[in-house]
Amino acid sequence: AATTDAATGLLNRASFRVALDEAAARGDEGWLVLAGIDELKSVNELHGSSVGDHVILTVAERLKDLGAVVRVLGRTGGDEFAFVLDGASPTTLERSLSRLRAAMAAPIEHQGLLLSASISAGAVAVERQLSAAELMRRANVALRAAKKVGPDSQSIFNVAYDIELRKHHQLRLDLMNAVERGHLE
């Protein structure tokens with residue numbers, strides 16, 4: 001089976017999860033960051049998917065340019081990338097995300113178009129007792145919190161926000177079940 005994303009050459013989702021599980025099992029300290037390209041759908045709608053693909057490739061290159069602080073890097077979805085940053089301190093995370101924001105601030109040129117791209121990012125500390133699936137879930141929760149703030153935002157996983165999301169999801173399920181059973185009109 002393929003281990004890399006065909007478009008970017010980065011690890012694909014499955015290979016990234018394996019590498020993340022290995023890093024957590026070794027007890028490597030660091031941060032898992034899940035980053036989504038803001039407004040990529042709008043770029044595709046306005047300029048076509050070939051321009052959106054160019055934005056994806058440019059973001060991938062800029063992530064690679066972060067260098068030694070990025071231990072593992074993968075493309076985990078259409079507009080999403082995941083990477084593990086070395087260093088357990090929140091200061092390390094802040095510095096790296098600041099460098100990434102600065103890299104994203106540079107315009108992207110493609111076929112005479114001048115585009116901008118920003119990313120929103122969610123982060124969670126890599127912990128030995130957590131599986132890659134749980135780390136990715138938590139990073140996704142943090143990314144959702146960042147996107148709720150707006151483009152070019154970052155968020156660290158927060159247990160209280162996770163509980164709020166779970167309660168909201170359960171309430172939706174309960175309401176759907178009540179409607180299906182005819183308990184609500």
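Further up the page is the structure itself.
Okay, so let's go over this structure. (Residues numbered from 1 in each chain as written. Predicted model: local features only at pLDDT ≥ 70, side-chain atom pairs only at ≥ 80, totals over all residues. Heavy atoms only, no water.)

### Considerations on the overall build of the protein chain
Summing up its helical and strand segments, the protein chain has six helices and seven strands in all. Each helix and strand of the protein chain, ordered N terminal to C terminal, gives the series α-β-α-α-β-β-α-β-β-β-α-β-α. Counting only C-alpha atoms and orienting by the principal axes, one finds that the protein chain spans roughly 60 × 45 × 35 Å. The buried share among the 185 residues of the protein chain stands at 43%. By sequence separation, contacts in the protein chain at least 24 residues apart represent 67% of the contacts at least 6 residues apart. (Helix = DSSP H or I, 4+ residues; strand = E, 2+ residues; numbered from the N terminus. Buried < 20%, exposed > 50% of the residue type's maximum accessible area, 1.4 Å probe, protein only. Contact = heavy atoms within 4.5 Å.)

### Side note on the pattern of salt bridges
Counted according to the given criterion, the structure contains seven salt bridges. With a closest N to O distance of 3.2 Å, Asp-5 and Arg-75 form a salt bridge. One end of the pair, Asp-5, is in the segment before helix H1 (13-26); the other, Arg-75, is in strand E2 (residues 70-75), with 70 residues separating them in the sequence. Accessibility assignment for this pair places Asp-5 and Arg-75 in one class, buried. Among the salt bridges present, the one from Glu-61 reaches Lys-64, with a minimum N-O distance of 3.1 Å. Separated by three residues within a single helix, Glu-61 and Lys-64 lie in helix H3 (residues 49-64), roughly one turn from each other. (Salt bridge = Lys/Arg side-chain N within 4 Å of Asp/Glu carboxyl O.)

### Some points on H3
The end-to-end C-alpha distance of H3 is 22 Å, a good match for the 22 Å that 16 residues give at a rise of 1.5 Å each. Residues Val-51, Gly-52, Val-55, Ile-56, Thr-58, Val-59, Ala-60, Arg-62 and Leu-63 constitute the buried set of H3. (Expected span 1.5 Å × (residues − 1).)

### Here's the deal with the nonpolar core
Val-33, Val-55, Val-59 and Phe-83 are the most contacted members of the largest nonpolar core, which totals 29 residues. At the level of elements, strand E1 (30-37), helix H2 (40-47), H3, E2, strand E3 (80-86), helix H4 (90-105) and strand E6 (119-125) are the ones that each hand at least two residues to this core. Considering each element in turn, this core owes the most residues, six residues, to H3. Among residues more than four places away in sequence, those in contact with Val-33 are Phe-81, Ala-82, Phe-83, Leu-85, Leu-93, Leu-97, Ala-121, Gly-122 and Ala-123. (Core = buried A, V, L, I, M, F, W, Y, C linked by side-chain atoms within 4.5 Å.)

### Notes on the sheet that holds strand E7 (residues 154-156)
If you walk across this open sheet you meet the five strands as E2-E3-E1-E6-E7, and the pairing is mixed. Strand pairing shows two members of the sheet lacking a second neighbour, E2 and E7, which therefore form its edges. Here the average twist between neighbouring strands, direction ignored, is 15°. Direction of pairing for E1 relative to E6: antiparallel, over a ladder of seven bridges. (Pairing = 2+ DSSP bridges. Axes fitted to C-alpha atoms, helices over the stretch in contact; angles between N-to-C directions.)

### A look at the pairing of E3
Most of E3 is tucked away: six of the seven residues are buried. The pairing of E1 with E3 spans seven bridges and is antiparallel. Bridge pairing links Ala-35 to Phe-81 in E3. Alignment of E2 against E3, held across five bridges, turns out to be antiparallel. Bridge pairing in E3 places Val-72 opposite Val-84. Hairpin connection between E2 and E3: a loop of four residues separates the two successive antiparallel strands.

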